[in-house]
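Report on the structure
Each chain, letter by letter, is given below.
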Amino acid sequence: MKHLYFFTGIFFLSVTCVAQTDSIENKIHALVKKMSLDEKIGQTCLKGTSSRSKGLSEELKEQVRKGLVGAILNLTDTALVLQIQRIAVEESPNHIPLLFGRDVIHGYKTIFPIPLGLAASWDSVLVEKTAMIAAQESYSRCINWTFAPMVDICRDARWGRIAESPGEDPYLASVLARAYINGFQGNNPAQPGRILACSKHFAAYGAAEGGRDYNTVSMSRSTLWNMYLKPFHASVQAGAATFMTSFNDLNGVPASGNAYLLKDVLRNQWKFPGFVVSDWNSVTEMITHGYCTDEKDAALKAFSAGLDMEMTSQAYAHHLKTLIAEKKITEQQLDELVKNILRIKLYAGIFENPYFKEKEKFTLLDSAALTLAKKSAVKSFVLLKNHNNTLPLAATKKIAVIGPLAEAPKEQLGTWIFDGDKTNSQTPLAALKKMYGAENIKYVQGLTHSRDESHDDFNAAYKAAKKSDVVLFFAGEEAILSGEAHSRADIRLPGAQERLIRKLHKAGKPIVLVIMAGRPITIEHILPNVSAVVMAWHPGTMAGPALADVLSGKENFSGRLPVTWPKTVGQIPIYYNHTNTGRPADSVSFVGIKDIPIEAWQSSLGNNSHYLDAGYTPQYPFGYGLSYTKFVCTNSSIEKNTLTVKDSLIVTLSVSNAGSRSGIETIQLYVQDVTASLVRPVRELKAFAQVELKAGETKTVRFAVAVSELGFYNNEGIYVIEPGAFNLWVAQDAAGGMKQSFEIK
């Protein structure tokens, strides 16, 4: 089957801009011809120091002066950025400007919810706006390249970097990848206030074995293509300027030396015109992997695989010249890597605007940014339980605010906030005092931090609960417990939090559990002790006002889970789009551990795929989320029940708000290929729509999914659309909906 790829953003080649593209390619060609071998190697070198570094060494200045550096990361002093850029532009042999990179992951100074939280909004327009604000703020501080978005699919909540992930679904992740890239780069990344995006980590990093960061990944080619590569393909289509390789090996080959990923897929099949940078030291870490003998061998294998730029390690700087002299690689091959880098610098206008013109017009933490931060937090919150309508809290309530994260301005910001400042955080405690009056709030921290094991304040917390109408318990993880290198084998609430909740439960007052964490937290053991559960993720700068608004009912909940929520860590990996197996579990045949008779006959238990002690269902399914109102879907119909590959699947339905207040519902369309040459998932998300409805209002929702989107990649990496029967669900989460059927001829 022939593939057609359409590129948007900075790489879209239409009739009107072919001349411009040709002009840029001509400039690249002319510039490379003038460059010395040392300068060419220099363009492949990304130099810098740790995220905490403030200085600028004389050695680095001299390297830039000689043209031996292509980009710098983690230089955050604007005066120093402009100083070293002047050296590059005015004193280096060919006056090639530098790129300045920084991890701007979910905000620069205005911190938005962690990416997993933003994914829970299912709102691509909102996500694009957050990326635009992040771009403007970082540009104002002389950053023109961010190492975001991370689009790794993650099915394992133990992995620390799930916090940066868009979740477990390739369709949702692809939608969000486009939104981030459009937000960072806009239609023209050369415009002031726009910065270059970097889609990472290529590839399959989120499938690290056991959820342990940096770990090995082994998977079939069909799984790689159908699940893990899709958001990266969407990134190319959206015009992502750069890609970053991952730390893991994939089927035995580390990503930074993986020619299949970097050449066969990214360049040859997807025609990616940007450049690929390694992750921090990942080139020389191939030695530790056991894939390379030494630094020189690492340089050879990364170069041969098609890695354009090396981050921080210096295998290229130390060995490319020798490898060319030894004829193991050629200068012409090096020219292609350098052209990829220069192409991005030219497309992004770095030559014309090396000194960040108009940066003064972009401010930090302005009112519009804070308003957006609050809105994004509100839309990220997921209401998981609300027994007897405990929420919203009435204005007359006396509230006990307890827990380690009610007044933790640093922790609410979450992981990867190098430039965030806790002094800008608006905390839940402060916002609740403002909302309900300080006289109605009794605050007892109970635990000094999330890992605290002390029971010293338990009695004080219990007394506060007894004197109040309701308990708001702010639980979860400190920011440092998620993110890179922060995987957890046990994802229950750390420290003595569960024990304190059980103590408070004895006070006889309803408990609202507000979880602030970088991952789903297993709460099965304490669910009976709480009346309501809110997943707030790490919500960012405006966490407090956003939470006060939803807890009070001023705002409604609209967030939906972007990941499946496990009952227990033993269920992991758990995800909705699994295959059926030959013996799928169901409610009829399932027998739990408590239901097994003593001395039961071995084959009498309805053998199927499940855990005796955890069953076969998660705590909450993908796409799940409650509201203060009730939505009803009716009249779902398929326009044509027999389709060809040239058709679109058209589905319409009515969505009604049957409750007493307005709200937003996220309607999800799932499809199953019933019988295929490879076993297919029980469901796959193919479209979704957010519908805002007033109380009593009904709207019609129409989905149109091209039949060409209903195929899959086989184990040879070939995309096929096979005829046969398909099932379809229009649902409010991945476990619900009414099943309908259609056929592809």
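Owing to the predicted nature of the structure, the values given are computational and were not obtained by experimental measurement.

Parameters and conventions
Each residue is numbered by its place in its chain's sequence as written, counting from 1. Local features in this predicted model are restricted to residues whose pLDDT is 70 or higher, and side-chain atom pairs enter the listing and the counts only when it is 80 or higher, whereas totals over whole chains, interfaces and linings include all residues. Water and hydrogen atoms play no part in the side-chain values, which are based on all heavy atoms of the structure. For the purposes of this description, domain bounds are those given by an automatic or database domain assignment. In this description a helix means any DSSP run of H or I spanning at least four residues, a strand means any run of E spanning at least two, and both kinds are numbered starting from the N terminus. For helices, the fitted line uses only the C-alpha atoms of the stretch in contact; every axis is such a line through C-alpha atoms, and the angle between N-to-C directions lies from 0 to 180 degrees. By definition in this entry, angles of less than 35 degrees are roughly parallel, angles greater than 145 are roughly antiparallel, angles of 65 to 115 are roughly perpendicular, and the rest are oblique. Here a crossing is taken to be left-handed if its near helix is turned anticlockwise relative to the far helix by less than a right angle, and right-handed if that turn runs clockwise. In what follows, residue pairs with any heavy atoms lying within 4.5 Å of each other are defined as contacts. When residues are grouped by polarity, Ala, Val, Leu, Ile, Met, Phe, Trp, Tyr, Cys and Pro land in nonpolar, Asp, Glu, Lys and Arg in charged, and all others, Gly among them, in polar. The buried label applies to any residue whose accessible area, calculated with a 1.4 Å probe on protein chains only, is under 20% of its type's maximum; exposed applies above 50%, and partly exposed to all values in between. Nitrogen and oxygen atoms within 3.5 Å of one another constitute a polar contact, given that in protein one can donate a hydrogen and the other can accept it, and given that sequence-neighbouring residues count only through two side-chain atoms. UniProt positions are given in the numbering used here, feature names are shortened, and annotations may be inferred rather than shown by experiment. Strands are treated as partners if at least two bridges between them are detected by DSSP. Working definition: a ring pair exists when centres of Phe, Tyr or Trp rings (six-membered ring for Trp) sit within 6.5 Å. Plane angles under 30 degrees give stacked, over 60 give edge-to-face, the rest tilted. Cavity: a set of points on a 1 Å grid over the protein atoms alone where a 1.4 Å probe fits but cannot get out. Pocket: an open set with protein on both sides within 12 Å along at least five of seven lines, its lining residues, like those of a cavity, having an atom within 4 Å of a point. Grid points are joined across faces, edges and corners, and a volume is the space filled by probe spheres set on the points. Salt bridge, as applied in this entry: a Lys or Arg side-chain nitrogen positioned within 4 Å of an Asp or Glu carboxyl oxygen.

Concerning the domain arrangement of the chain
According to the domain assignment, the chain contains domain 1 (22-361), domain 2 (372-552) and domain 3 (631-744). Computed from C-alpha coordinates alone, the two centres of domain 2 and domain 3 are separated by 36 Å.

Focus: the environment of S587
Tracing the backbone shows S587 in the loop between α19 (543-552) and β17 (631-638). Sequence-wise, S587 and A430 are 157 residues apart; in three dimensions their C-alpha atoms are separated by 46 Å.

Re the packing of helix α3 (residues 58-65) against helix α4 (residues 78-91)
As a packed pair, α3 and α4 sit with axes 8 Å apart at the nearest point and diverge in direction by 30 degrees. The angle between α3 and α4 places the two elements in the roughly parallel class. Between α3 and α4 lies a crossing of right-handed hand. In contact with L60, K61, V64 and R65 of α3, α4 contributes Q83, I84, I87, A88 and E91. Of the residues contributing to the contact of α3 with α4, the split by class is 5 nonpolar, 1 polar and 3 charged.

Things to note about the side chain of N727
Within the element layout of this structure, N727 appears in strand β25 (residues 724-731). Here N727 falls in the buried class, since its relative accessible area comes to 10%. Among the polar contacts listed, one links the side chain of N727 to the side chain of S741, at a separation of 3.0 Å. Leave out the neighbours within four places in its chain, and N727 touches Y670, V671, Q672, V674, K739, Q740, S741 and F742.

A look at the UniProt feature "domain: Fibronectin type III-like" (unreviewed entry) in the chain
Listed under "domain: Fibronectin type III-like" (unreviewed entry) in the UniProt record, and renumbered for this structure, are residues 665-734. Regarding residues 665-734, the helix share stands at 0% and the strand share at 57%, and the terminal C-alpha atoms are separated by 14 Å.

Some words on the side chain of S278
In this structure, S278 sits in the loop between β9 (275-277) and α11 (285-289). Of the polar contacts made by the side chain of S278, one reaches the backbone nitrogen of M311; its length is 2.9 Å. Ignoring sequence-local partners within four residues, the contact set of S278 consists of M244, T245, S256, V283, L307, M309, E310 and M311.

A closer look at the packing of helix α16 (residues 428-436) against α19
When two helices pack together, their arrangement is given by the angle between the helix axes and the distance between those axes. Running from N to C, α16 and α19 point in directions that differ by 50 degrees, and their axes come no closer than 7 Å. Classified by the interaxial angle, the pair formed by α16 and α19 is oblique. Judged by the sense of rotation from one axis to the other, the crossing of α16 with α19 is right-handed. Taken together, the residues of α19 that come into contact with α16 (itself represented by P428, A431, L432, M435 and Y436) are G544, P545, L547, A548, D549, L551 and S552.

Quick word on the pairing of β25
The buried fraction of β25 is high, at 7 of 8 residues. Taken together, the 6 bridges between strand β20 (residues 663-673) and β25 define a ladder with antiparallel strand orientation. Residue pairing for β25: Q672 is matched across the bridge by N727.

Section: the packing of aromatic side chains
Inspection of every chain in the model, using the stated rule, returns 29 aromatic pairs. Ring geometry for F202 versus W270: centroids 6.1 Å apart, planes at 55 degrees, classification tilted. With F202 in strand β5 (residues 198-202) and W270 in the loop between α10 (259-269) and β9, this residue pair connects regions lying 68 residues apart in the sequence. Overall, F202 belongs to the buried group, its relative accessible area being 0%. By relative accessible area, which is 1% here, W270 ends up buried. Both rings, one in W416 and one in F418, keep their centres 5.0 Å apart while their planes meet at 70 degrees; by these two values the pair is edge-to-face.

Thoughts on empty space enclosed by the protein
Applying the stated criterion across every chain, the model contains 6 cavities of 30 Å³ or more. Here the largest cavity defines a volume of roughly 100 Å³. As for the largest cavity, its lining consists of 14 residues, and the residues nearest its centre are Y139, P189, R194, A348 and I350. Its residues assigned to classes, the lining of the largest cavity comprises 9 nonpolar, 4 polar and 1 charged. Approximately 70 Å³ is the volume attributed to the second largest cavity. Taken together, E39, Q43, V64, G67, V69, A88, S92, P93, N94, I96 and L98 form the lining of the second largest cavity. A per-class count over the lining of the second largest cavity returns 6 nonpolar, 4 polar and 1 charged.

Topic: the pattern of salt bridges
A side chain of one charge can pair with a side chain of the opposite charge if their charged atoms are brought near each other. Going through the model one piece at a time under the given rule, you end up with 32 salt bridges. K200 is the salt-bridge partner of D103, the closest N and O atoms lying 3.5 Å from each other. Of this pair, D103 sits in the loop between β3 (99-102) and α5 (115-119) while K200 is found in strand β5, placing the two residues 97 residues apart along the sequence. Side by side, D103 and K200 carry an identical accessibility label, which is buried. Here K301 ties to D297 by a salt bridge, and the two come within 3.3 Å at their closest N and O atoms. Of this pair, K301 and D297 both sit in helix α12 (residues 295-305), separated by 4 residues, roughly a single helical turn.

So, the sheet that holds β25
An order of β18-β26-β25-β20-β21 is seen for the 5 strands of this open sheet, with the pairing classed as mixed. Strands at the two margins of the open sheet, each flanked by one partner only, are β18 (642-643) and β21 (684-693).

Quick look at the pairing of strand β16 (residues 532-535)
Side-chain alternation along β16 places A532 and V534 on one buried face and V533 and M535 on a second face that is also buried. Relative to β16, strand β11 (residues 382-386) is paired through 4 bridges, and the arrangement is antiparallel. Bridge assignment links L383 to a residue of β16, and that residue is V534. Strand direction decides the pairing type here: strand β15 (residues 511-516) and β16, joined by 4 bridges, are parallel. Within the sheet, the bridge partner assigned to I515 lies in β16 and is M535.

Re the sheet that holds strand β22 (residues 698-706)
With antiparallel pairing, the 3 strands of this open sheet are ordered in space as β17-β19-β22. Where the open sheet ends on each side, the last strands, each with one partner, are β17 and β22. Adjacent strand axes in the sheet meet at a mean angle of 25 degrees when their direction is disregarded. Two strands pair when backbone bridges link them, and β17 and strand β19 (residues 648-657) are joined in this way by 6 bridges, in the antiparallel orientation. Bridge assignment links F631 to a residue of β19, and that residue is N657.

Digging into unusual backbone geometry
Cis peptide bonds are those with omega within 30 degrees of zero, and the linkage from F202 to A203 qualifies with 5 degrees. Within the secondary structure, A203 sits in the loop between β5 and α8 (221-228). Cis geometry is adopted by the peptide bond preceding P573, which originates at I572 and carries an omega value of 0 degrees. Inspection of the secondary structure puts P573 in the loop between α19 and β17. Even without being a glycine, E358 presents a positive backbone phi close to 65 degrees. You can see E358 is positioned in the loop between α14 (331-347) and α15 (367-380). Judged by its relative accessible area of 41%, E358 falls in the partly exposed class. Of note in the backbone geometry, N388 takes a positive phi value of approximately 55 degrees without being a glycine. Structurally, the position occupied by N388 is in the loop between β11 and β12 (399-402). Residue N388 is classed as exposed on the basis of its relative accessible area, which comes to 65%.

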